[in-house]
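The chain contents come next:
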Amino acid sequence: YGIGVAAPQMNMMNYPNPVKDNTTFKYRLTENALVNISIFDLTGKKVATIVSSEMKQAGTYEVVWNAENVSNGTYIASLSSGQRIIQTIKIAVAK
């Protein structure tokens, strides 16, 4: 995004949180956007990619993440468009 170009309006939440097995990410776009959703541990290592560079139309979307391959702990979900991070949320995994 260049100077004077705003990032797409997006917002994201997940439920349930804390996560036992699966969690659903619900996100809303107010305009068409290239969407990425990734999960990172607290060291910054990417542990999962949920949505990878998908062009989405304005609207509301849901996607399920299966957390069986990660350990108990705190993780960060990152919603981004292109290279720009739009929102991050904290997720607790407690199996």
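About the thresholds
Every chain is numbered independently, its residues counted from 1 as its sequence is written. Only residues with pLDDT of at least 70 are given local features in this predicted model, and only at 80 or more are side-chain atom pairs given and counted; all residues enter the totals for whole chains, interfaces and linings. Calculated side-chain values reflect all of the structure's heavy atoms, with hydrogen atoms and water omitted. Runs of H or I in DSSP of at least four residues are treated as helices and runs of E of at least two as strands, each being numbered from the N terminus. Partly exposed describes any residue whose relative accessible area lies between the buried limit of under 20% and the exposed limit of over 50%, with all areas from a 1.4 Å probe on protein chains only and scaled to the type maximum. It only takes one pair of heavy atoms within 4.5 Å for two residues to be counted as in contact. Only the protein chains shown count as cover for residues, and all accessible areas are computed by the Shrake-Rupley method using a 1.4 Å probe. In this text, buried Ala, Val, Leu, Ile, Met, Phe, Trp, Tyr and Cys residues form a nonpolar core when linked through side-chain atoms within 4.5 Å. Classification of ring pairs uses Phe, Tyr and Trp, with its six-membered ring standing for Trp, and accepts pairs whose centres are within 6.5 Å; under 30 degrees between planes counts as stacked, over 60 as edge-to-face, and the remaining range as tilted.

Q: Which residues make up the overall build of the protein, and what values do they have?
A: Of regular secondary structure, the protein possesses zero helices and seven strands. Reading the secondary structure of the protein in the N-to-C direction produces β-β-β-β-β-β-β. Burial status across the protein gives 36% buried among its 95 residues. A separation threshold of at least 6 residues defines the contact pool for the protein, and within that pool the share at least 24 residues apart is 56%. A total of about 5600 Å² of accessible surface is found on the protein, and carbon and sulfur atoms cover 48% of it.

Q: Outline the nonpolar core, listing residues and values.
A: Counting 20 residues, the largest nonpolar core has Met12, Phe25, Ile37, Ile39 and Trp65 as the members making the most contacts within it. Leave out the neighbours within four places in its chain, and Ile37 touches Met12, Tyr27, Thr49, Ile50, Val51, Val63, Ser78 and Leu79.

Q: How would you sum up the packing of aromatic side chains? Please name residues and give values.
A: Counted according to the given criterion, the structure contains one aromatic pair. Here Tyr27 and Tyr61 contribute two aromatic rings whose centre-to-centre distance is 5.4 Å and whose plane-to-plane angle is 20 degrees, an arrangement assigned as stacked. Of the two residues, Tyr27 is situated in strand β2 (residues 22–29) and Tyr61 in strand β5 (residues 59–66); the sequence distance between them amounts to 34 residues.

Q: Give me the lowdown on unusual backbone geometry, citing residues and values where you can.
A: With an omega of -10 degrees, the peptide bond between Tyr15 and Pro16 qualifies as cis. Topologically, Pro16 is positioned in the loop between β1 (10–15) and β2. In this chain, Asn17 is followed by Pro18 through a cis amide linkage whose omega measures 20 degrees. For Pro18, the position within the fold is in the loop between β1 and β2. Within the chain, Ser53 stands out as a residue other than glycine whose phi angle is a positive 50 degrees. With respect to the helices and strands, Ser53 occurs in strand β4 (residues 46–56). On the basis of relative accessible area, Ser53 is assigned to the partly exposed category, the value being 43%.

Q: Explain the environment of Ile39 to me, using residue names and the numbers behind them.
A: For Ile39, the location among the structural elements is in strand β3 (residues 33–41). Take Ile39: its relative accessible area is 0%, and that puts it in the buried class. C-alpha separation for the pair Ile39 and Lys90, spaced 51 residues apart in sequence, amounts to 9.6 Å. Ignoring sequence-local partners within four residues, the contact set of Ile39 consists of Phe25, Lys45, Lys46, Val47, Ala48, Ile50, Trp65, Tyr75, Ile76, Ala77 and Ile91.

Q: Tell me what's going on with the environment of Gly82, and back it up with residues and numbers.
A: By the element assignment, Gly82 lies in the loop between β6 (73–81) and β7 (84–93). Along the primary structure Gly82 and Glu54 are separated by 28 residues, whereas in three dimensions their C-alpha atoms are 9.7 Å apart. With residues up to four places along the chain from it excluded, the contact list for Gly82 reads Leu34 and Asn36.

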